[in-house]
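Fold and geometry: a report
Chain by chain, the residues run as shown.
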Amino acid sequence: HASGAKPLPLPPPPPSSCPPCPPGSHSPAGTDGRICRLRHGFLQIYHEGVRSFRKDVNGSQLLRLVRWPRPPQCPYLVGSWQWGHGIDCGRSGVCPPAWEAAFHRADILWNSPDLLDHRSCLDDRRQALRGVAQAPRHFYEGPALPPAHAARRYTLSYMGKCAPPAASWARQHGCRSLVRPRLNASLHGQRGNDSFRVSFVCSDELGTPDSAHGGRIKYSASVRERYRRSMNSTFVLVPRGDNRWNYRFSEAVGACAIPVVLADGLSLPLEPLVDWSGAAVVVPEAAADDAATLLRWLPPRQRWDEMLAAVCRINANHFATRQLRDRSIVDAALLLLRNGSSPAPATETPGGGGGAPGEAADRQGGGICVAVAATADRVGALHRLATSWPGLLSVAFLSHNFTRDAALGLRALAAPGGSLPASPGRIALSLVPNRPSGARPYVRRGRGGLFGDLFPTNLLRNVALDACGAADVALVLDVDFSFCCGDVARTLDRYARAVRADTGLSYVLPAFEAAEGEVIRSKGELLDRLDRSGAGVFEKQAQASHACDRLEQWRGATEPFASPYTYMCEPYLLVHRSVLPPYDESFVGYGKNRLSLHYELAARRVRMEVAPDAFVLHERGSHASRSKAWWAGETCWPAFRKRVWEAHGFWRSSRRQRQLDANPRVLQALNRTCGACVARSARLCVGSCRPELARWLPGSRKPTLLPPSGAPLEAPECPGGTAIASSSEPARLRKES
């Protein structure tokens, strides 16, 4: 189910100890009495669904129907939508007391196109209802389309309303989303080119108001046919409109097109059952303002056919017929129960309670992925990290003997004594060869030259993130760090839920150093040691990198606090993967590789807050033995900074950076690379080039072998061998910077 492949039968449930379903509800086939579904299937407040509940404004009818409390492991399944909205509590988002009581009951699972639909539809930060998001009605009715990009008419398409919701709608429901008008401003009139064909059409301009139906837009048969043709596309935009959800998602899946969702806070259909990470693209609404930024969120071209095939499988298994859709909702609800998430109510309590979908998995780290890059000489540090983190750990391992390590599998991570990292069954391992086919090796032992080893740190980080699967929150750590203290998974889960509710928010985990073998058991113990000896803070040259940790404020903090971006800071961030751009892989070797990501996150307006009760520890003396030439990263900084400026209009600098731009070492390095990034001068396989990979996902015994793709970077043409100074700032920004 998770991969979209042919459905496998769910494991048989344990013998049911659930009481019989009360009158007005029934137990769907195959649930063994563990779920009681309302007899009519759907419930409405304001719209026709179940006639007897049409005027159930205060919730009394629902509570009468479910007045027999049930054990949390044997819940009711209540559908909250049929023709129009779900449980719509109007502009204020404040529902009647009886409904609020129902939302927080531990014995009710909800299914709706939007599990936040009971709140004002512009309030994306509230806790979602506990349950299963269902596929919106309206399904594709055109001819079957092949799952191949080459056979598609368009690469990216959209046909629909571009105007914001009507004022009357906004007054009643509190909605005034401007995502579609912003998309129209950035994409209208775009045609693309022969290799990337774009179709963006505003249907507002093609229909006529129908006075007999309250002014609703009426479309001709030719316009409806044109809409069906727009689905013959590799990617279909699914932007937020009157609600977070819209019919276009189901229509795109039915056409085997990849949905590109721009709706912050929306839960995708059947998410407990279906893994959308390889079949849909979720983009923050902020990307609607700029076409180049939006297109940068699309996956690499070599993945398109694979994703199209995955969408087709999901459609065939879960969307194609009404019976499949109905059965999939029940299967997803069963999966929630079997994952252990059902007993907690759908409410957020101080100190980390709550019962969001998948919470039990999150408490074991299931929804958070820690991604690291590692080599054979860092295996000991990897074992320490694995011991301190109980959740999903994704490791990208640079191998100097790819054939041997691919045969060893997880045993390539064994310590000298032969022991594997703690709980190897939750480790995702991706092997990357040091010498890709047809390319120069990344690390030449003993022959680093002017730039030292060109270690592909950012390539490995991207590979590790790719293996995080369905985990939607990520933390990219250096391998020589570990967590402290107590129940780390529960602590980080509390912040992960806040990040899911507001994807534009990220949390800083302050970093400290510990002496080799030193044990720190709490924040208080760490502060005592800092007060006694001043130890624990990084060396002077690294303090700018951790300026965003806000140590002095963190000392006495008991609640998260804002940390504005400071140029040169590169903290360790817990961040939603939907707003996490790929690391710029041109940064190889030492210098600016992690800083480049934080600079781009700041350009994308991702906010930072510091977690007051979580931190990570670096063991002093465990630095990698690779040679470190800091000027290698400086050769890539001018081009990177220019790209971010052109995409986001964002530029930050400092006096220190201007000194670096004029440093003789940097000028010598730029002269050696003819003014280009060292990764390009060395013709490395990074960026659009991907080496062959061997990947073991958690629990798998056999690897997935991924073939190489793309070509190494082309070396620049050297204009006479003269020194080329690094690019300067835009003149109008020098004084401001």
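Right above here is the structure, for reference.
These notes cover the structure that comes with them. (Residues numbered from 1 in each chain as written. Predicted model: local features only at pLDDT ≥ 70, side-chain atom pairs only at ≥ 80, totals over all residues. Heavy atoms only, no water.)

1. As for the overall build of the protein chain
Where we set the bar: Helix numbering and strand numbering both begin at the N terminus, where a helix is a DSSP run of H or I of at least 4 residues and a strand a DSSP run of E of at least 2. The contact criterion used is simple: two residues touch if any of their non-hydrogen atoms lie within 4.5 Å. For the accessible areas, the method is Shrake-Rupley and the probe is 1.4 Å, while residue cover comes only from the protein chains on display.
Looking only at helices and strands, one finds 24 helices and 26 strands in the protein chain. For the protein chain, the proportion of contacts with a sequence separation of at least 24, taken over those separated by at least 6, is 72%. When the accessible surface of the protein chain is totalled, it reaches about 31200 Å², and 53% of it is carbon and sulfur.

2. Focus: the side chain of Ser328
To keep it simple, the criterion reads: Counted as a polar contact is a pair of N or O atoms within 3.5 Å, where, for protein atoms, one must be capable of donating a hydrogen and the other of accepting one, and residues adjacent in sequence contribute only when both atoms are in side chains.
Counting through the fold element by element, Ser328 comes out in helix H9 (residues 322-338). Within polar-contact distance, the side chain of Ser328 engages the backbone oxygen of Leu324 at 2.8 Å. In contact with Ser328, not counting residues within four places along its chain, are Leu270, Leu273, Asn317 and His318.

3. Observations concerning the sheet that holds strand S14 (residues 368-374)
The line we're drawing: Strands were regarded as paired on the criterion that DSSP finds at least two bridges between them.
Read across the open sheet, the 10 strands follow the order S21-S23-S19-S22-S17-S14-S15-S16-S25-S26; overall the sheet is mixed. The sheet terminates laterally at strand S21 (561-562) and strand S26 (704-706), the two strands that pair on one side only. Strand direction decides the pairing type here: strand S19 (residues 505-509) and strand S23 (residues 607-610), joined by 4 bridges, are parallel. Bridge pairing in S23 links Tyr507 to Glu609.

4. Some details on the packing of helix H18 (residues 593-603) against helix H20 (residues 637-648)
Cut-off, in case you're wondering: Lines fitted to C-alpha atoms define the axes here, with helix axes fitted over just the stretch in contact, and angles between the N-to-C directions of these axes take values from 0 to 180 degrees. Angles below 35 degrees are treated as roughly parallel, those above 145 as roughly antiparallel, those between 65 and 115 as roughly perpendicular, and all remaining angles as oblique. Should the near helix be turned anticlockwise from the far one by less than a right angle, the crossing is termed left-handed; should it be turned clockwise, right-handed. Lys, Arg, Asp and Glu make up the charged group, whereas Ala, Val, Leu, Ile, Met, Phe, Trp, Tyr, Cys and Pro make up the nonpolar group; the residues left over, Gly among them, are polar.
Between H18 and H20, whose axes approach to 10 Å, the crossing angle comes to 15°. If you check the angle between H18 and H20, you find them roughly parallel. Crossing of H18 over H20 shows right-handed handedness. For the pair formed by H18 and H20, the contact residues are Leu595, Ser596, Tyr599, Glu600 and Ala603 on the first element and Trp637, Phe640, Arg641, Arg643, Val644 and His648 on the second. Residue composition of the contact of H18 with H20, by class: 6 nonpolar, 2 polar and 3 charged.

5. A look at the pattern of salt bridges
Selection criterion: Any Lys or Arg side-chain nitrogen found within 4 Å of a carboxyl oxygen on Asp or Glu counts as a salt bridge.
Scanning the entire structure with this criterion turns up 18 salt bridges. Salt-bridge contacts for Arg228 lead to Glu225; the nearest nitrogen and oxygen are separated by 2.9 Å. With Arg228 and Glu225 both in helix H5 (residues 221-230) and 3 residues apart, the pair spans about one turn of that helix. If you follow the salt bridges from partner to partner, you end up with Asp584, Glu600, Arg604 and Arg643 in one network.

6. Some remarks on the state of the cysteines
Rules: Working definition: a disulfide is two cysteine sulfur atoms within 2.5 Å of each other. Remark: exposure states derive from per-residue accessible area (1.4 Å probe, protein chains only) relative to the maximum for the residue type, with buried under 20%, exposed over 50%, and partly exposed in between.
All told, the structure shown has 6 disulfides when counted by the stated rule. One disulfide bridge connects Cys21 with Cys36, the sulfur atoms lying 2.0 Å from each other. Of note, the bridge from Cys21 to Cys36 carries an S-S torsion of about -95° and is left-handed in sense. Pair noted here: Cys21 is in the segment before strand S1 (25-26) and Cys36 is in strand S2 (residues 36-42), with a separation of 15 residues, a long-range link. Residue Cys21 is classed as partly exposed on the basis of its relative accessible area, which comes to 24%. The buried category is assigned to Cys36, whose relative accessible area is 0%. Here Cys256 engages in a disulfide with Cys312; their sulfurs sit 2.1 Å apart. Taking the torsion about the sulfur-sulfur bond, which here is approximately 130°, the covalent link between Cys256 and Cys312 counts as right-handed. Of this pair, Cys256 sits in the loop between helix H6 (248-254) and strand S12 (258-262) while Cys312 is found in helix H8 (residues 304-319), placing the two residues 56 residues apart along the sequence. In this structure, Cys256 and Cys312 share a single accessibility class: buried.

7. Let's talk about unusual backbone geometry
At Cys256, a residue that is not glycine, the phi angle is positive and equals roughly 55°. The exposure class assigned to Cys256 is buried, which follows from its relative accessible area of 8%. Although it is not a glycine, Met568 sits at a positive phi angle of roughly 85°. If you trace the backbone, Met568 turns up in the loop between S21 and strand S22 (572-576).

8. With respect to the packing of H8 against H9
Contact pair H8 / H9: the axes reach a minimum separation of 7 Å and the direction vectors enclose 85°. With respect to H9, the element H8 is oriented roughly perpendicular. Residues Ala316, Asn317, His318 and Phe319 of H8 lie in contact with H9, whose contacting residues are Leu324, Arg325 and Ser328. Looking at side-chain class alone, the contact of H8 with H9 contains 3 nonpolar, 3 polar and 1 charged residues.

9. A closer look at the sheet that holds strand S6 (residues 154-160)
Overall, mixed pairing links the 6 strands, which are arranged S7-S8-S6-S11-S12-S13 in an open sheet. Only two strands of the sheet have a single neighbouring strand rather than two, namely strand S7 (192-193) and strand S13 (281-282). Relative to strand S11 (residues 233-239), S6 runs parallel, the two sharing 3 bridges. Bridging across to S11, Tyr154 finds its partner in Ser233. Contacts from H8 reach S6, strand S8 (196-202), S11, S12 and S13, with the element oriented near 90° to S12.

10. Some words on the pairing of strand S20 (residues 511-514)
The two faces of S20 match: Ala511 and Glu513 on one face and Phe512 and Ala514 on the other face are all buried. As judged from the 4 bridges shared by S20 and strand S24 (residues 615-619), these two strands associate in the parallel manner. Residue pairing across strands places Ala511 opposite Val616, the latter belonging to S24.

11. Focus: helix H4 (residues 179-187)
Put simply, the test is: The directions from the helix axis to the C-beta atoms form the arc being described.
Looking only at H4, the buried set comprises Val179, Arg180, Leu183, Ser186 and Leu187. Viewed along the axis of H4, the buried residues span an arc of 125°, placing them on a single side of the element. Next to the buried residues of H4 lie S6, S8, S11, H6, S12 and helix H7 (291-296). Positive phi shows up at Gly189, right after H4, with a value of about 90°.

12. Details of the environment of Leu178
Relative to the helices and strands, Leu178 is located in the loop between helix H3 (167-173) and H4. By relative accessible area, which is 44% here, Leu178 ends up partly exposed.

13. Topic: the packing of aromatic side chains
Quick note on the threshold: Paired rings are identified among Phe, Tyr and Trp, the last through its six-membered ring, by centres lying within 6.5 Å, and are further divided according to the angle between planes into stacked (under 30 degrees), edge-to-face (over 60) and tilted (the rest). Any Lys NZ or Arg CZ found within 6 Å of a ring centre and within 35 degrees of that ring's normal is scored as a charge over the ring.
Per the stated rule, a full pass over the model turns up 22 aromatic pairs. A ring pair is formed by Tyr599 and Trp637, whose centres lie 5.2 Å apart and whose planes are at 70°; its orientation type is edge-to-face. Here the residue Tyr599 occupies a position in helix H18, and Trp637 occupies one in helix H20, the gap between them amounting to 38 residues. Under the relative-accessibility criterion, Tyr599 is labelled buried at 0%. The lysine or arginine in question, Arg70, covers the ring of Tyr76, its NZ or CZ lying 5.8 Å from the ring centre. Directly above the aromatic system of Trp637 lies the positively charged group of Lys592, at a separation of 5.2 Å from the ring centroid.

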